[in-house]
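Survey of secondary and tertiary structure
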Amino acid sequence: MVRLYVVLIVAAVVFSIYAVADCAFFDRSRVRGLSRGWWIVVIVFVPIIGGLLWFIIGRGRAGRSSGGGRTRTVAPDDDADFLRRLGTEAEQAERIRRMEQELADLDGDGPSGDGGQPDGTAGTERKRPDTPETPGESGPSGRPNG
């Protein structure tokens, strides 16, 4: 029975030390109820109950701000940053579409129908296919592409 009391006392001391350390290093803006110093006093002088009160009442949640500085939820159509980001995304999409069109025109895959080649073939067709019998031309490294 004495061992049980010793284990319970050690557990209470460890819990109280953990609660004091948690309170001391906790973000000041998220402490609720009392100030940080008063919470430490309550934890030290009322060991188990003070620690429980700290964890239940004193610790604020991460998503909330303390006091009158509450943040309000804004609808997407009322959020200026969201609307600005939509505008830039639309501009980027238009710029990408124009660049793809310019690349297609340069490659000869444009809407002209003949592919922009003098012989009327599309720009993706090759005169000589790369096969084991006819490997591609040498690249910058000197080795054949193929």
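Throughout what follows, the structure given in this document is the object of discussion. (Residues numbered from 1 in each chain as written. Predicted model: local features only at pLDDT ≥ 70, side-chain atom pairs only at ≥ 80, totals over all residues. Heavy atoms only, no water.)

Across its full length, the protein carries four helices and zero strands. The order of α-helices and β-strands along the protein, N terminus first, is α-α-α-α. The buried share among the 146 residues of the protein stands at 13%. Expressed as a percentage of contacts within the protein between residues at least 6 apart in sequence, the contacts between residues at least 24 apart total 38%. Carbon and sulfur atoms make up 60% of the accessible area of the protein, which totals about 11900 Å². (Helix = DSSP H or I, 4+ residues; strand = E, 2+ residues; numbered from the N terminus. Buried < 20%, exposed > 50% of the residue type's maximum accessible area, 1.4 Å probe, protein only. Contact = heavy atoms within 4.5 Å. Areas by Shrake-Rupley, 256 points an atom, 1.4 Å probe, with all protein chains shown as cover.)

Moving on to the side chain of Ser16. The topology assignment puts Ser16 in helix H1 (residues 2–25). In this structure Ser16 comes out as buried when scored by relative accessible area, which is 12%. Apart from the residues within four sequence positions on either side, Ser16 is in contact with Ile43, Pro47 and Ile48.

Right, let's talk about the nonpolar core for a bit. Counting residues in hydrophobic clusters, the biggest one holds seven residues: Ala19, Cys23, Phe26, Val31, Trp39, Ile43 and Trp54. Looking at this core, the elements that each hand over two or more residues are H1 and helix H2 (36–45). Beyond its immediate stretch of four places on either side in the chain, Trp54 contacts Ala19, Asp22, Cys23, Phe26, Val31, Trp39, Ile43 and Arg59. (Core = buried A, V, L, I, M, F, W, Y, C linked by side-chain atoms within 4.5 Å.)

A grouping of Leu34, Trp38, Val41, Val44, Phe45, Val46, Ile48, Ile49, Leu52, Leu53, Ile56 and Ile57 is seen on the molecular surface, where their side chains present a nonpolar patch of about 1200 Å² in accessible area. Mapped onto the nonpolar patch, the elements with two or more residues apiece are H2 and helix H3 (47–58). The leading source of residues in the nonpolar patch is H3, at six residues. (Patch = residues over 30% accessible without salt bridge, like charges linked within 9 Å, V, L, I, M, F, W, Y side chains within 5 Å. Salt bridge = Lys/Arg side-chain N within 4 Å of Asp/Glu carboxyl O.)

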